[in-house]
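What follows is the residue order along each chain.
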Amino acid sequence: MSSRLGTSTEKIDALSDYAESPLFDTRRDVDDELFARLQQHYDDDTITELTMIIAWENASSRFNRAFRIPSQGFWKR
């Protein structure tokens, strides 16, 4: 689905090393243009819930990595 939305296969393949890849911008802010694009597709409650889920996944990933907890293998390419 990502490639249909404009993400290249190269970028999808580089996700596992996103922090070091020049293909990704790791800025943390959401500019007004991006937020307006989100609002075209989602209401405020959904944006809030998506933001919470993304933050949770980010935190749990960092926690698991810090304690060397391996992936559960729910997704494989």
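Each value, and the rule that gives it
- Residues numbered from 1 in each chain as written.
- Predicted model: local features only at pLDDT ≥ 70, side-chain atom pairs only at ≥ 80, totals over all residues.
- Heavy atoms only, no water.
- Helix = DSSP H or I, 4+ residues; strand = E, 2+ residues; numbered from the N terminus.
- Buried < 20%, exposed > 50% of the residue type's maximum accessible area, 1.4 Å probe, protein only.
- Areas by Shrake-Rupley, 256 points an atom, 1.4 Å probe, with all protein chains shown as cover.
- Phe/Tyr/Trp six-rings, centres within 6.5 Å; stacked < 30°, edge-to-face > 60°.
- Expected span 1.5 Å × (residues − 1).
- Polar contact = N/O pair within 3.5 Å; in protein donor to acceptor, adjacent residues only side chain to side chain.
- Patch = residues over 30% accessible without salt bridge, like charges linked within 9 Å, V, L, I, M, F, W, Y side chains within 5 Å.
- Salt bridge = Lys/Arg side-chain N within 4 Å of Asp/Glu carboxyl O.
- Contact = heavy atoms within 4.5 Å.

1. Digging into the overall build of the chain
- Secondary structure assignment for the chain yields three helices and zero strands.
- Beginning at the N terminus, the succession of helices and strands in the chain can be written as α-α-α.
- Residue burial in the chain is summarised as follows: out of 77 residues, 6% are buried.
- Element-wise, carbon and sulfur atoms account for 54% of the exposed surface of the chain, whose accessible area totals about 7500 Å².

2. Points about the packing of aromatic side chains
- Within the structure shown, the criterion is met by one aromatic pair.
- Plain terms: the ring middles of Phe63 and Phe67 are 4.8 Å apart, the flat faces sit at 45° to each other, and that makes the pair tilted.
- On the basis of relative accessibility, which here comes to 57%, the residue Phe67 falls in the exposed class.

3. Section: helix α3 (residues 44–66)
- For α3, spanning 23 residues, the distance from its first C-alpha to its last is 33 Å, which sits close to the expected 33 Å at 1.5 Å a residue.
- Regarding α3, its N-cap is Asp43, as a side-chain oxygen of that residue lies 3.3 Å from the backbone nitrogen of Asp45 further along.
- Count one or two residues on from α3 and you reach Arg68, which has phi positive near 55°.

4. Topic: a nonpolar patch on the surface
- There is a patch of nonpolar side chains on the surface, built from Val30, Leu34 and Phe35 and spanning about 230 Å² of accessible area.
- Counting through the fold element by element, Val30 comes out in the loop between α1 (9–13) and α2 (32–41).

5. Details of the environment of Tyr18
- Along the chain, the position of Tyr18 falls in the loop between α1 and α2.
- With near-sequence residues (within four places) excluded, Tyr18 lies in contact with Phe24 and Thr26.

6. Describing unusual backbone geometry
- Although it is not a glycine, Arg68 sits at a positive phi angle of roughly 55°.
- Taking relative accessible area as the criterion, Arg68 reaches 69% and is therefore assigned exposed.

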